[in-house]
Structures are given as structure tokens and as C-alpha cells.
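# Observations on the model geometry
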Number of protein chains: 2
Amino acid sequence: MASKADRTIGASDQNWDQFAPNDTRRRILMEASALFRRHGYQATSTRQIAAAVGIRQPSLFHHFANKQAILEALFSLSLDNAVVVAERTANASGSAAARLHDYLVWDLETLLSLPLSLSELYSSDILRAPELAHWAAKLESLYLALEKLVRQGIEAGEFVATDPVLIRILIANVTIAHIQYADERPDRDPKKLARDGARFVLAGLSNMESAHLDELISGTRSR
Amino acid sequence: MASKADRTIGASDQNWDQFAPNDTRRRILMEASALFRRHGYQATSTRQIAAAVGIRQPSLFHHFANKQAILEALFSLSLDNAVVVAERTANASGSAAARLHDYLVWDLETLLSLPLSLSELYSSDILRAPELAHWAAKLESLYLALEKLVRQGIEAGEFVATDPVLIRILIANVTIAHIQYADERPDRDPKKLARDGARFVLAGLSNMESAHLDELISGTRSR
DNA sequence: GTCTATACCGAGATAGAC
DNA sequence: GTCTATCTCGGTATAGAC
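These numbers come from a predicted model, not from an experiment. Residue indices follow the written sequence of each chain, beginning from 1 at its first position. Whichever chain is written first becomes A and whichever ligand is written first becomes 1, with later ones labelled in order. Since the coordinates come from a predicted model, pLDDT governs what is reported: local features require at least 70, and pairs of side-chain atoms require 80 or more to be given and counted, while whole-chain, interface and lining totals use all residues. Neither water nor hydrogens contribute to the side-chain values; these are computed over all heavy atoms in the structure.

## Things to note about helix 12 (residues 211–218) of chain A
For the exposure calls, accessible area comes from a 1.4 Å probe over protein chains only, and a residue counts as buried if that area is under 20% of its type's maximum, exposed if over 50%, partly exposed in between. Here a helix means four or more residues in a row that DSSP labels H or I, a strand means two or more in a row labelled E, and each is numbered from the N terminus. L213, L216 and I217 of chain A are the residues of helix 12 of chain A that are buried. Summarising the axial view, the buried residues of helix 12 of chain A lie within an arc of 95°, below the 170-degree limit, and thus occupy one face. What the arc measures is the spread of directions leading from the helix axis to the C-beta atoms.

## Considering the protein's contact with DNA strand C
Here a residue is considered near a molecule or strand provided that any single heavy atom belonging to it is located within 4 Å of it. If you check the shell around DNA strand C, you find 16 residues, and the closest are T46 and Q57 of chain A together with R56, S59 and H63 of chain B. When atoms of DNA strand C within 4 Å of the protein are sorted by moiety, sugar and phosphate together comprise 52%. T44 of chain A is positioned such that a nitrogen or oxygen atom in its backbone is 3.4 Å from a phosphate oxygen of DNA strand C. In the analysis that follows, any N or O atom pair within 3.5 Å is treated as a polar contact, provided that within protein one partner can donate a hydrogen and the other can accept it, and provided that, for residues neighboring in sequence, both atoms belong to side chains. Within the side chain of Q57 of chain A, an N or O atom sits 2.8 Å from a base nitrogen of DNA strand C. Those elements that place two or more of their residues in the surface near DNA strand C are helix 4 (46–53) of chain A together with helix 5 (60–63) of chain B. By residue class, the composition of the surface near DNA strand C is four nonpolar, nine polar and three charged. Note on residue classes: Ala, Val, Leu, Ile, Met, Phe, Trp, Tyr, Cys and Pro are nonpolar, Asp, Glu, Lys and Arg are charged, and everything else, Gly too, is polar.

## So, the nonpolar core
Looking at soluble globular proteins, one finds that nonpolar side chains tend to be buried together. What makes a nonpolar core is a set of buried Ala, Val, Leu, Ile, Met, Phe, Trp, Tyr and Cys residues whose side-chain atoms join them at distances within 4.5 Å. The biggest cluster of nonpolar side chains holds 143 residues, and the ones touching the most others in it are Y103 of chain A together with Y103 of chain B. Here, residues are in contact when the closest pair of their heavy atoms is within 4.5 Å. Ignoring any residue separated from it by four or fewer positions in sequence, one finds Y103 of chain B in contact with I9, A82, V85, A86, T89, L142 and L146 of chain B.

## Here's the deal with the UniProt feature "DNA-binding region" (unreviewed entry) in chain A
The sites that UniProt annotates as "DNA-binding region" (unreviewed entry) are residues 45–64 of chain A. For residues 45–64 of chain A, helix accounts for 60% and strand for 0%, while the C-alpha atoms at its two ends are 14 Å apart. UniProt positions are given in the numbering used here, feature names are shortened, and annotations may be inferred rather than shown by experiment.

## As for empty space enclosed by the protein
Residue and element names in this part refer to chain A. Points on a 1 Å grid, built from protein atoms alone, make a cavity when a 1.4 Å probe fits but cannot get out and make a pocket when they are open with protein on both sides within 12 Å along at least 5 of 7 lines; residues with an atom within 4 Å of a point are the lining residues. Grid points are joined across faces, edges and corners, and a volume is the space filled by probe spheres set on the points. Inspection of every chain in the model, using the stated rule, returns seven cavities of 30 Å³ or more. Among the secondary structure elements, those contributing two or more residues to the lining of the largest cavity are helix 6 (67–91), helix 7 (96–113), helix 8 (119–123), helix 9 (133–155) and helix 10 (164–184). Here the lining of the largest cavity takes six residues from helix 10, the largest share from any one element. Split by residue class, the lining of the largest cavity holds 14 nonpolar, three polar and two charged.

## A few points about the UniProt feature "domain: HTH tetR-type" (unreviewed entry) in chain A
Taken from the UniProt record, the annotation "domain: HTH tetR-type" (unreviewed entry) applies to residues 22–82 of chain A. In residues 22–82 of chain A, the share of helix is 74% and the share of strand is 0%. The end C-alpha atoms are 24 Å apart.

## Examining the packing of helix 10 of chain A against helix 11 (residues 190–206) of chain A
Relative orientation and spacing of two packed helices are given, respectively, by the angle between their axes and the distance between those axes. Residue and element names in this part refer to chain A. A fitted line through C-alpha atoms represents every axis, and for helices the fit uses only the stretch in contact; the resulting angles, taken between N-to-C directions, go from 0 to 180 degrees. The contact between helix 10 and helix 11 brings their axes to 11 Å, and the two run at 150°. Here helix 10 lies roughly antiparallel to helix 11, going by the angle between them. With respect to the hand of their crossing, helix 10 and helix 11 are arranged in right-handed fashion. Of the residues in helix 11, those touching helix 10 at I167, I171, V174, H178, Y181 and A182 are L193, D196, G197, F200, V201 and L205. Residues that form the contact of helix 10 with helix 11 fall into these classes: nine nonpolar, two polar and one charged. Angle categories are assigned with fixed cut-offs, so that under 35 degrees is roughly parallel, over 145 is roughly antiparallel, 65 to 115 is roughly perpendicular, and the rest are oblique. Each crossing gets its handedness from the near helix: less than a right angle anticlockwise from the far helix is left-handed, clockwise is right-handed.

## Re the packing of aromatic side chains
The rule is short: rings of Phe, Tyr and Trp, with Trp giving its six-membered ring, pair when the centres are within 6.5 Å, and they are stacked under 30 degrees, edge-to-face over 60, tilted in between. Under the counting rule described, the total for this entry stands at eight aromatic pairs over all chains. With centroids separated by 5.4 Å and ring planes inclined at 85°, the aromatic side chains of F75 of chain A and Y122 of chain A adopt a geometry described as edge-to-face. In this pair, F75 of chain A is assigned in helix 6 and Y122 of chain A in helix 8, connecting sequence segments 47 residues apart. Between the aromatic rings of Y103 of chain A and W106 of chain A, the centroid separation amounts to 6.1 Å while the plane-to-plane angle is 40°, which identifies the pairing as tilted. One end of the pair is Y103 of chain A and the other is W106 of chain A, both in helix 7 and three residues apart, which spans about a single turn. For the residue pair Y103 of chain A and W106 of chain A, the accessibility class agrees, reading buried in each case. Ring pairing ties together the aromatic residues F75, Y122 and W135 of chain A, which thus form one cluster. In this analysis the charged atom, NZ for Lys or CZ for Arg, is taken to sit over a ring once it is within 6 Å of the ring centre and within 35 degrees of the ring normal. One Lys or Arg, K67 of chain B, reaches over the ring of Y41 of chain B and ends 4.6 Å from the middle of that ring. Just above the ring of Y143 of chain B sits the side chain of R168 of chain B; from NZ or CZ to the centre is 4.2 Å.

Printed below as a string of C-alpha cells:
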């Protein structure tokens, strides 16, 4: 168990310095992310954010140029490292399954221990806005890295042959599921949750055609 | 393969009669669902919907009392049958894995062949709005039925022991993933997609502690 | 059943005092 | 760095003619 965790792939520790410049800015990001998650970006008003922070609405604009800048700061926080790590993982050598597993554990652990609620950002389609093209592109490179990794696993016979695009979408949504769950049950251990999440994905990718699964599905289980 | 599909659990065929009363109403629902998916409910304006349909904004209100009524019609269309089927499935007898599988296939097939884009409705948190409490409750009963089914599978030793709440969230998000994928690749066969999706979930639920998976993850695969 | 005209409100953002 | 006051715009919805 320790052996797996040891293959640490984490980048430089999460940019908390960039994240904690002054306290109000930090609190704005936390409250905004929580509100974005619950109501969506567009449906969250700057007045709501200000109220949650305990300041008046115009005071927000002292810390961020506009509402969108808050959103972009959140994307930066959650995406900048992930892309680097994903690309490094895809270009490394060794078992693709093992690498994908390690990446998933790292990603989930990172996201789950961030005091931010980010699931809404990625599940909704705000990123289609032209002004956010830069972040859409960043997410796209992350996706490409993941698809590459999946393709390697399929070629090596480690994963069942499925469209890597579907797999990538599945991975993203399973990640979101875990963030949602951690949001509902904050008492759960992020590390264990991260491990289980990675396992769930790997199981789905590797065992979709096992005989045991066929038995289970048909209801003629023997075990 | 046919044997599985035969255990049909579908309710009365999807309420297309309710859905096609007059053509404009129908087109409003289709265009609105597509816009909601891309931009979210709140971020979609009634002007956009009207433009997509090819009428002027105030004409919408001849067909629906207000914007929210459009949303509720979409919830009704996607949820009414699902709840009935889920509860029937949870209360039936036999292998829980087989029943969950059948439900997932039915649910995915239904959603994927609906000419509506519904993923955003369930991934965002619109349902927290007090005015939509009725639909939130309906979704909640669907969730309870699924959790019950999962619990049966765990007790029977068919599924790995995990919090049924997490499983339920995972199922919801894997479903969303498939809808998103079908949205990107409309050429894919809904039936095959539905089967694969169900398999993915079942694999994750049943094989999370298999030895084969451990080998794969640790990179010491023999096969 | 669709139109034009319009009421009304809440959104994001700015100006300038303290 | 936060405030009050205020501008402007785009949103939902209504009135009433055709």
C-alpha cells in the first residue's frame, strides 16, 4: 500500500502562496467557489459573494478586476498543476494502468483537500465562453494527455478497447462525483476516498469483459 | 446477449404524447434543453430560446406560464418514468447486480434516445431552488431506490462494501458522462453505449478488490 | 398564436468620499 | 480598503393590437 503511494507524482506543492496573498482575496475565492458550486457561475451575483465575505458589493472590485477574474483565479488554482502532472504522466514509461492510477490518486487527493468547491466549474459549460478560451485550451491539453495515457493502456492490453474520449469524459465525471460526495460528507478521509475513486475507474477500464462480471450481470453467480 | 435485454423493465413507453401536444411547444422544449445544457438554466435567456425556435420572446409565454415552467416540463419528461422504474426494480427480487444492471441499461437507453439534452439539469444545482422542491423530492426518491438496491447488493456480497451514497452519486455522474458523450458523438449506437455504461458501473462496484486489479495498479501485471 | 411596445427589476461596474 | 450613490444594460414578464 505504501509502495503505491511512494511513486509520488505531485508537482511543486499546490500554489498556496499565490492563493493566500491577502486574506480578503482568499476569502472571496473560497466563498465564490462555494456559491458557484451551489448555484452556478452565472446565477451567482457579485452581491451574494460580497455578502458571504462580509463586505459590500463594490469592494469586490478592489481585489478583482471583474467577476470573471474571480472565476479565472479558480481555474488557475485547480488547473495549472494538473496539466503539468498529467502530461508528465502520459509521457513517462511503465504500465499505463499504474500511471493512470497514480495520476487519479494525486488529482483526487489534491482536489479533495483544496478548501474550494470546484465541481460546478467543470461540469457546466462556462468554458465555452470565448473570453475563457485560454482555460478551455488548458483543460483540453489535460484531456489530451489523459486520452494518450488511456490509448497506451488499450494498446498494451491493460484496458478494454473503448473510445478514449468516452473514457476521458468518464474520468472527469467520476472525479466530479467524488468532489460532490466529499462536499456532502466532509468527515471522510480524502486519501482513502482518492484511492477508492482511482480503483473504481481502473476496475471499469480493465474488467469490462471479465467472465465474473458476466455471471454477476446475468444473475447466475456461483461464488 | 439477447437474454439480458429480454428482462425488459421499461415502463409504459416514454410519454411522447404528452411531449408532442403541439409542435411549437415541442420545439421550445428541444431548443431550451439544448441551450440549458450548453449555458446552464440561469444563463439561458428567454430571448435565446425564442430565437432558436424562430419566434419572438413574448410568444414563449403563450406556451409556458414562465421560464421555470419550461424547466419543469423537462424534469417531468426525464424523471416521472425513471422513479417508477427505479422503485419497482429496488423492490423486485433476484440478484441485485442483475437488477441494477438492467435498470442502468434501461435508464441510459431512454435518456440517450430522447431528443433532449438533459445533463446540465442534473449536474447543476438548480434543484435546490425552493420553487423546485417537488422535483428535488422526486429525484430524491429515485436516489433512495438506487441506494436501497445497492445496499442489497452489498449485503449479498455482490458489490464491494462502500457507502451507498457515494455509489449513487457515481451512478448519476456516469450517466451524465454518457449523455455528454452521446452529445459529442451523435453517431454512436445508444443501445451499445447503454450496455457499456452499465458494465462500467457494475465492474467498478464488483471488482474493486480483485487481485487482478491490484496487479494492474502496481504495474506487476503477468497476463 | 404571434406580434410591438414597454414596465420593471436586478445584474455588473464606476465615481469619488472617507 | 471599504463605503454610498449611481449608471447602464439585459433579463423576465405583461398589455393589447393584429
